Amino acid sequence: MKIYNTLTRKKEEYVSVDGKPAVRIYSCGPTVYNFAHIGNMRTYVFMDLLRRSFKYAGYKVKGVMNITDVGHLLSDGDDGEDKMQKAAKEQQKSPYEIAEFYTGVFFEDLKKLNIERPELTPKATEHIQIMLDFVKELVAKGYAYETSDGIYFDITKAADYGKLSGAKLEDQQAGARVEVNGEKRHPADFAVWKKAPKEHIMQWESPWGMGYPGWHIECSAMSKKYLGEYFDIHTGGVDHIPIHHENEIAQSEALSGKIPAKYWMHGEFMQVNGGKMSKSLGNTYTISQLEQMGYSAMVFRYFCLNAHYRKKLNFTFEGMDGAKVSYERLCKLIVAHKNGTNAISSEEIENYKKQFKDCIEDDLNIPAALGVLWTMLKCAPSKDVYKTAIEFDKVFALSLDKAEDNIPKVQAPQEVIDLAEKMQAARLVKDYATADALRAQIDGMGFMVLNTKDGYQLKSKN
Ligand code: AMP
Ligand code: ZN
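The shown structure was predicted, so the numbers you read here are calculated from the model rather than taken from an experiment.

**Observations concerning the packing of aromatic side chains**
This model, assessed by the stated rule, comprises 24 aromatic pairs. An angle of 70° between the planes, with centres 4.7 Å apart, marks the rings of Tyr14 and Phe54 as edge-to-face. Of this pair, Tyr14 sits in the loop between strand E2 (10–13) and strand E3 (22–27) while Phe54 is found in helix H1 (residues 38–56), placing the two residues 40 residues apart along the sequence. Among the residues examined, Phe54 registers a relative accessible area of 0% and is labelled buried. Geometrically, the ring pair formed by Phe356 and Phe392 is stacked, given 4.0 Å between the ring centres and 5° between the ring planes. Linking Phe356 in helix H10 (residues 346–360) with Phe392 in helix H12 (residues 383–396), this pair joins segments that are 36 residues apart in sequence. Residue Phe356 is classed as buried on the basis of its relative accessible area of 0%.

Okay, structure coming up:
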């Protein structure tokens, strides 16, 4: 299995930290103060493809994804209002209610998109103590210091800070976006713990009075607790490279002497009409909104699968229309193979399987793997092709085993219905030769008969 490592800027052969055929993955999870948008969901589809590809290749997977229910500060820097607190104020609910609601919606979206829920999904608010312990140790060892508003990590003490993004320490100015805090030793020093003003709703006791954790400390503390000081893969979106992951590395390395993960993988962004996706531009959509517009979650997943995870993906409705047409055609072909009666040699099938595996083991080349599937489906309808496609779907997770449900219903002409009725009658008396002949006749007229629990359904082939 080859994967691209942001840390070394190379595609590398995967070898787990402990040498076993296993992979321990930490994925930065959602901040649950709002609905996740389709850009966020692209990053989780990437996480899912990674998990599924490793499983397909025979590895045991343990995944951890945090749920940020503390809220992190508004900007990537340390100042600004807390996201959870802001949402709570606007919606007049407690931050806990806000978090619970949006966490539920998030898990629903994962389910709709066939994204496997990682084995562990710890909430930040349930891990404040381990974060505090982490901060205390940083202070004790001289890596963090106290100011009037919090505890800051001293990045000049970090081992070559900036190694993930390649940024130089001198360039790390917390200038433009963040008000410079005069008490900080270096402008890019970041808060690991903030002292809470009275009006701050979420706050916990600490040796420095009431306060709350910084965002980066959350991932460092939880990954350490559940995966250890040195695990296999850390994932996130590309926006995490320059600050969040750089800071995670600095803190974790300060305590353990090790960069916490061996491989760092990042999903590229989804754009809208070639530009940034953002709430203020009004161009973010949720999975539910897409569904209301007639695009199923599977169509969206199919749309995502057509771009490599390290390439930007431009979201447009034309693109979604194209994905919808292709996905329906894919489902029709799958059904045709399910009912197929042609033979295909086992060498041919093995050859497709090999090509498929080569694609996914080449840094998750899912678009190419889809190409293998499409080529295979061009064969004369055969049950062996169907079985192989269902096996490939362990990675794609496009619900191909329920392909029938994804083909839109159409009104068939009476002539076709009459033939289908005759076919049903023949099946009932187990006259399969007649039934098959009728099926072929219906097929010739551009329709297919799908057997269902209570009879049959007619669907258009095209
Ligand atoms: P957040 O809830 O803001 O922390 O974001 C959740 C995840 O979505 C993070 O891994 C981000 O890197 C990722 N993300 C945010 N915006 C986009 C986007 N436009 N395209 C892809 N991933 C994104
Ligand atoms: Zn994180």
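**Here's the deal with the packing of helix H4 (residues 128–140) against helix H6 (residues 241–256)**
Close contact between H4 and H6 brings their axes to 10 Å; oriented N to C, the two are set at 65°. Here H6 runs roughly perpendicular to H4, going by the angle between their axes. By crossing handedness, the relation of H4 to H6 is classed as left-handed. In this structure, H4 contributes Phe134, Glu137 and Leu138 to the contact, and H6 contributes Gln251, Ser252, Ala254 and Leu255.

**Observations concerning the pattern of salt bridges**
Under the counting rule described, the total for this entry stands at 25 salt bridges. Close ionic contact of Asp160 with Lys163 constitutes a salt bridge, the shortest N to O distance being 3.1 Å. Here Asp160 falls in the exposed class, since its relative accessible area comes to 54%.

**Structural notes on the domain arrangement of the protein**
By a widespread convention, an interface's size corresponds to the accessible area lost as its parts come together. Each assigned domain of the protein is listed here: domain 1 (2–267), domain 2 (290–406) and domain 3 (414–460). For domain 2 versus domain 3, the distance between C-alpha centres works out to 26 Å. Listed by partner, the interface residues are four residues for domain 2 and six residues for domain 3. Both faces combined, the contact of domain 2 with domain 3 buries some 470 Å², and carbon together with sulfur accounts for 57% of it. Taken together, domain 2 and domain 3 are joined by two residue pairs in polar contact (both at pLDDT 80 or more). Classifying every residue of the side of domain 2 that touches domain 3 by side-chain character gives one nonpolar, one polar and two charged.

**Details of the coordination of the zinc ion (ligand 2)**
Those protein atoms acting as donors to the zinc ion (ligand 2) are Cys28 (SG), Cys219 (SG) and His244 (NE2), and they sit at 2.0 to 2.1 Å. Between the donor residues of the zinc ion (ligand 2), the gaps in sequence give the motif C-x190-C-x24-H. Of this pair, Cys219 sits in helix H5 (residues 215–227) while His244 sits in helix H6; the two residues are 25 residues apart in sequence, bridging distant segments of the chain. Each of the two residues, Cys219 as well as His244, counts as buried.

**As for the site of ligand 1**
The local shell around ligand 1 holds 13 residues, among which Gly39, Asn40, Thr43, Asp239 and Met270 are the closest. A distance of 3.1 Å is found between an oxygen atom of ligand 1 and a backbone nitrogen or oxygen belonging to Thr31. Here a nitrogen atom of ligand 1 and a backbone polar atom of Met270 are 2.8 Å apart. Coverage of ligand 1 by the protein chains reaches 90% of its 490 Å² of free accessible surface. Broken down by class, the residue content of the shell around ligand 1 amounts to four nonpolar, seven polar and two charged.

**What about the sheet that holds strand E9 (residues 231–237)?**
If you trace the four strands from one edge of the open sheet to the other, you get E4-E3-E9-E10, paired in parallel fashion. In this open sheet, the two edge strands, each paired with only one partner strand, are strand E4 (60–65) and strand E10 (261–267). Each adjacent strand pair in this sheet contributes to an overall mean axis angle of 25°, direction not counted. Along the sheet, H5 contacts E3, E4 and E9; its crossing angle with E3, the most-contacted strand, is approximately 155°.

**A word on the nonpolar core**
By size, the foremost hydrophobic cluster in this structure holds 89 residues, and its most contacted members are Met41, Phe54, Ile233, Phe300, Phe315, Leu373 and Phe396. Considering each element in turn, this core owes the most residues, ten residues, to H1. Looking at which domains feed residues into this core, each of domain 1 (2–267) and domain 2 (290–406) gives three or more. Not counting chain neighbours up to four residues away, the residues in contact with Phe396 comprise Arg301, Leu305, Phe356, Ile366, Ala369, Leu370 and Leu373. Formed by 42 residues, the second largest nonpolar core is a distinct cluster that contains Ala144, Ala158, Val192 and Ala250.

Criteria and cut-off values
- Residues numbered from 1 in each chain as written.
- Chains lettered and ligands numbered in written order.
- Predicted model: local features only at pLDDT ≥ 70, side-chain atom pairs only at ≥ 80, totals over all residues.
- Heavy atoms only, no water.
- Phe/Tyr/Trp six-rings, centres within 6.5 Å; stacked < 30°, edge-to-face > 60°.
- Helix = DSSP H or I, 4+ residues; strand = E, 2+ residues; numbered from the N terminus.
- Buried < 20%, exposed > 50% of the residue type's maximum accessible area, 1.4 Å probe, protein only.
- Axes fitted to C-alpha atoms, helices over the stretch in contact; angles between N-to-C directions.
- Parallel < 35°, antiparallel > 145°, perpendicular 65-115°, else oblique.
- Left-handed = near helix turned anticlockwise from the far one by under 90°.
- Contact = heavy atoms within 4.5 Å.
- Salt bridge = Lys/Arg side-chain N within 4 Å of Asp/Glu carboxyl O.
- Domains from an automatic or database assignment.
- Buried area = accessible area lost by both parts, 1.4 Å probe.
- Polar contact = N/O pair within 3.5 Å; in protein donor to acceptor, adjacent residues only side chain to side chain.
- Nonpolar A, V, L, I, M, F, W, Y, C, P; charged D, E, K, R; others polar.
- Donors = N, O, S within 2.8 Å, 3.2 Å for Na, K, Ca; no water.
- Near = heavy atom within 4 Å.
- Areas by Shrake-Rupley, 256 points an atom, 1.4 Å probe, with all protein chains shown as cover.
- Pairing = 2+ DSSP bridges.
- Core = buried A, V, L, I, M, F, W, Y, C linked by side-chain atoms within 4.5 Å.

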